Amino acid sequence: MTGRRGGRPLVPAYLSTGGVARPSRNSLERLSVLTGGGGPEPAGLPAAQHALLDVLDGGSLTVVETAALLELPVSAVRVLAAALVDQGLVSARPPIPVAALPAPDLLKRVADGLRALKQ
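If you're wondering where the values come from, they're calculated on a predicted model, not measured in any experiment.

What counts as what
All residue numbers here refer to positions counted from 1 along the written sequence of the relevant chain. Local features in this predicted model are restricted to residues of pLDDT 70 or higher, and side-chain atom pairs are both shown and tallied only at a pLDDT of 80 or more, whereas totals for entire chains, interfaces and linings draw on every residue. Based on all heavy atoms of the structure, the side-chain values leave hydrogens and waters out of the count. Per the convention used, a helix needs a DSSP run of H or I reaching at least four residues, while a strand needs a run of E reaching at least two, with both numbered from the N terminus. Burial classes follow relative accessibility: with a 1.4 Å probe on protein chains only, a residue under 20% of its type's maximum area counts as buried, one over 50% as exposed, and anything between as partly exposed. Identification of polar contacts relies on pairs of N or O atoms within 3.5 Å, with a donor-acceptor requirement for protein atoms, meaning one able to donate a hydrogen and the other able to accept it, and with residues adjacent in sequence counted only if both atoms are side-chain atoms. By definition in these notes, contact holds between two residues if any of their heavy atoms fall within 4.5 Å. For patch detection, residues must exceed 30% relative accessible area and be free of salt bridges, and they are connected within 9 Å for like charges or within 5 Å for nonpolar side chains (Val, Leu, Ile, Met, Phe, Trp, Tyr). The Shrake-Rupley method, run with a 1.4 Å probe sphere, supplies the accessible areas, and residue values consider only the shown protein chains as cover. Salt bridges are defined by distance alone: a side-chain nitrogen of Lys or Arg within 4 Å of a carboxyl oxygen of Asp or Glu. Buried Ala, Val, Leu, Ile, Met, Phe, Trp, Tyr and Cys residues form a nonpolar core when they are joined through side-chain atoms within 4.5 Å. For two strands to be treated as a pair, DSSP must find no fewer than two bridges joining them. For helices, the fitted axis covers only the stretch in contact; all axes are lines through C-alpha atoms, and the angles between them, taken along N-to-C directions, range from 0 to 180 degrees.

1. Notes on unusual backbone geometry
A positive phi is found at Glu71, a non-glycine position, where the angle reads about 55 degrees. Of note, Glu71 is situated in the loop between α3 (63-70) and α4 (74-86). According to the relative accessible area criterion, Glu71 is partly exposed, its value standing at 45%.

What follows is the structure, given as C-alpha coordinates:
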(Lines give C-alpha, C1' and ligand atoms only; values in the text may rest on other atoms or scores of the structure.)
Protein backbone atom coordinates (compact mmCIF):
# COMPACT_ATOMS: atom_id res chain seq x y z
CA MET A 1 0.00 0.00 0.00
CA THR A 2 1.43 3.34 -0.96
CA GLY A 3 1.64 6.18 1.51
CA ARG A 4 0.65 9.81 1.34
CA ARG A 5 3.10 12.61 0.72
CA GLY A 6 3.82 12.78 4.46
CA GLY A 7 4.99 9.17 4.38
CA ARG A 8 2.22 7.92 6.67
CA PRO A 9 0.44 4.76 5.51
CA LEU A 10 -3.13 4.92 4.28
CA VAL A 11 -4.42 2.64 7.04
CA PRO A 12 -7.46 3.82 9.01
CA ALA A 13 -6.78 4.37 12.70
CA TYR A 14 -9.59 2.06 13.77
CA LEU A 15 -7.67 -0.88 12.32
CA SER A 16 -4.85 -0.30 14.80
CA THR A 17 -7.34 -0.49 17.68
CA GLY A 18 -9.05 -3.62 16.44
CA GLY A 19 -12.20 -1.68 15.60
CA VAL A 20 -12.63 -0.30 19.13
CA ALA A 21 -13.72 3.34 18.99
CA ARG A 22 -13.67 4.39 22.66
CA PRO A 23 -11.14 3.71 25.43
CA SER A 24 -12.26 1.48 28.28
CA ARG A 25 -11.46 4.26 30.76
CA ASN A 26 -12.12 7.98 30.48
CA SER A 27 -9.23 8.92 32.76
CA LEU A 28 -6.67 9.03 29.96
CA GLU A 29 -6.18 12.59 28.77
CA ARG A 30 -3.87 13.97 26.11
CA LEU A 31 -1.25 14.85 28.74
CA SER A 32 -1.63 11.72 30.88
CA VAL A 33 1.76 10.13 31.49
CA LEU A 34 2.16 6.51 30.37
CA THR A 35 4.87 4.28 31.84
CA GLY A 36 5.74 0.83 30.57
CA GLY A 37 5.59 -2.01 33.06
CA GLY A 38 9.06 -3.23 32.17
CA GLY A 39 8.05 -6.87 32.43
CA PRO A 40 7.92 -9.47 29.68
CA GLU A 41 5.32 -8.85 27.01
CA PRO A 42 2.64 -11.51 26.73
CA ALA A 43 2.34 -13.35 23.45
CA GLY A 44 -0.55 -12.58 21.17
CA LEU A 45 -0.68 -8.81 21.56
CA PRO A 46 -1.84 -6.88 18.50
CA ALA A 47 0.95 -5.18 16.59
CA ALA A 48 -0.13 -1.67 17.61
CA GLN A 49 -0.11 -2.55 21.33
CA HIS A 50 3.27 -4.19 20.92
CA ALA A 51 4.60 -1.02 19.24
CA LEU A 52 3.21 1.09 22.08
CA LEU A 53 5.00 -1.08 24.64
CA ASP A 54 8.23 -0.78 22.64
CA VAL A 55 7.97 3.02 22.63
CA LEU A 56 7.40 3.06 26.40
CA ASP A 57 10.21 0.61 27.12
CA GLY A 58 12.42 2.09 29.81
CA GLY A 59 10.65 5.40 30.20
CA SER A 60 7.54 7.49 30.37
CA LEU A 61 5.78 9.56 27.73
CA THR A 62 2.56 11.50 27.50
CA VAL A 63 -0.25 10.19 25.34
CA VAL A 64 0.43 12.96 22.81
CA GLU A 65 4.16 12.16 22.58
CA THR A 66 3.38 8.47 22.17
CA ALA A 67 0.91 9.24 19.39
CA ALA A 68 3.52 11.33 17.59
CA LEU A 69 6.14 8.59 17.80
CA LEU A 70 3.71 5.92 16.63
CA GLU A 71 2.27 8.22 13.94
CA LEU A 72 -1.26 7.44 15.15
CA PRO A 73 -4.08 9.74 16.18
CA VAL A 74 -4.28 10.55 19.88
CA SER A 75 -7.72 8.90 20.04
CA ALA A 76 -6.26 5.59 18.81
CA VAL A 77 -3.39 5.73 21.32
CA ARG A 78 -5.90 6.40 24.13
CA VAL A 79 -7.76 3.20 23.15
CA LEU A 80 -4.55 1.16 22.93
CA ALA A 81 -3.15 2.52 26.20
CA ALA A 82 -6.42 1.94 28.06
CA ALA A 83 -6.38 -1.71 26.99
CA LEU A 84 -2.78 -2.10 28.18
CA VAL A 85 -3.58 -0.39 31.50
CA ASP A 86 -6.47 -2.83 31.96
CA GLN A 87 -4.04 -5.72 31.42
CA GLY A 88 -1.53 -4.23 33.88
CA LEU A 89 1.18 -3.80 31.25
CA VAL A 90 1.20 0.01 31.36
CA SER A 91 0.56 2.43 34.20
CA ALA A 92 -1.02 5.83 33.63
CA ARG A 93 -1.15 8.85 35.87
CA PRO A 94 -3.02 12.10 35.37
CA PRO A 95 -1.21 15.10 33.97
CA ILE A 96 0.84 17.22 36.33
CA PRO A 97 -1.37 20.10 37.46
CA VAL A 98 -0.46 23.63 36.52
CA ALA A 99 1.54 25.24 39.29
CA ALA A 100 -0.15 27.97 41.27
CA LEU A 101 0.62 31.44 40.00
CA PRO A 102 3.06 33.45 42.08
CA ALA A 103 1.71 36.26 44.20
CA PRO A 104 1.48 39.61 42.37
CA ASP A 105 3.51 41.37 45.07
CA LEU A 106 6.37 38.90 44.52
CA LEU A 107 6.37 39.65 40.80
CA LYS A 108 6.39 43.38 41.53
CA ARG A 109 9.38 42.99 43.88
CA VAL A 110 11.28 40.96 41.28
CA ALA A 111 10.57 43.56 38.60
CA ASP A 112 11.67 46.35 40.96
CA GLY A 113 14.87 44.44 41.73
CA LEU A 114 15.64 43.95 38.04
CA ARG A 115 15.07 47.64 37.36
CA ALA A 116 17.44 48.50 40.25
CA LEU A 117 20.13 46.25 38.74
CA LYS A 118 19.75 47.92 35.36
CA GLN A 119 20.49 51.41 36.76
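2. A look at the side chain of Ser32
Topologically, Ser32 is positioned in the loop between α1 (13-16) and β1 (33-36). At 2.7 Å, the side chain of Ser32 forms a polar contact with the backbone nitrogen of Glu29. Discounting residues that sit within four places of it in the chain, Ser32 has contacts with Ser27, Leu61, Thr62, Val63, Arg93, Pro94 and Pro95.

3. With respect to a nonpolar patch on the surface
Taken together, the side chains of Leu106, Val110, Leu114 and Leu117 make up a nonpolar region of the molecular surface, amounting to roughly 400 Å² of accessible area. The exposure class of Val110 is partly exposed, given its relative accessible area of 45%.

4. Digging into the nonpolar core
Membership of the largest hydrophobic core comes to 20 residues, with the highest contact counts inside it found for Leu34, Leu52, Leu53, Leu56, Val77, Leu84 and Val90. Every element with two or more residues in this core is listed here: α2 (47-56), α3 and α4. No other element matches the seven residues that α4 contributes to this core. Setting aside chain neighbours within four positions, we find Val77 in contact with Leu52, Val63, Thr66, Ala67, Leu70 and Leu72.

5. Structural notes on the sheet that holds strand β2 (residues 60-62)
Pairing within the open sheet is antiparallel, and its three strands lie in the order β2-β1-β3. One side of each edge strand has no neighbouring strand; the edge strands of this open sheet are β2 and β3 (90-93). Direction aside, neighbouring strands of the sheet carry axes that sit 25 degrees apart on average. In this sheet, β3 lies alongside β1 in antiparallel orientation, the contact comprising four bridges. Looking at the pairing, Val33 lines up with Arg93 of β3. Sheet strands in contact with α3 are β1 and β2, and its direction is about 95 degrees off that of β2.

6. Here we look at the environment of Glu29
For Glu29, the position within the fold is in the loop between α1 and β1. The sequence separation of Glu29 and Pro95 amounts to 66 residues, and the corresponding C-alpha distance is 7.6 Å.

7. A short note on the pattern of salt bridges
Following the criterion strictly, the structure yields two salt bridges and no others. For the salt bridge of Asp112 with Lys108, the shortest nitrogen-to-oxygen distance reads 3.1 Å. Here Asp112 and its partner Lys108 are both found in helix α5 (residues 104-118), four residues apart, which amounts to about one turn of the helix. Beyond isolated ion pairs, a larger network of salt bridges with shared partners links Lys108, Asp112 and Arg115.

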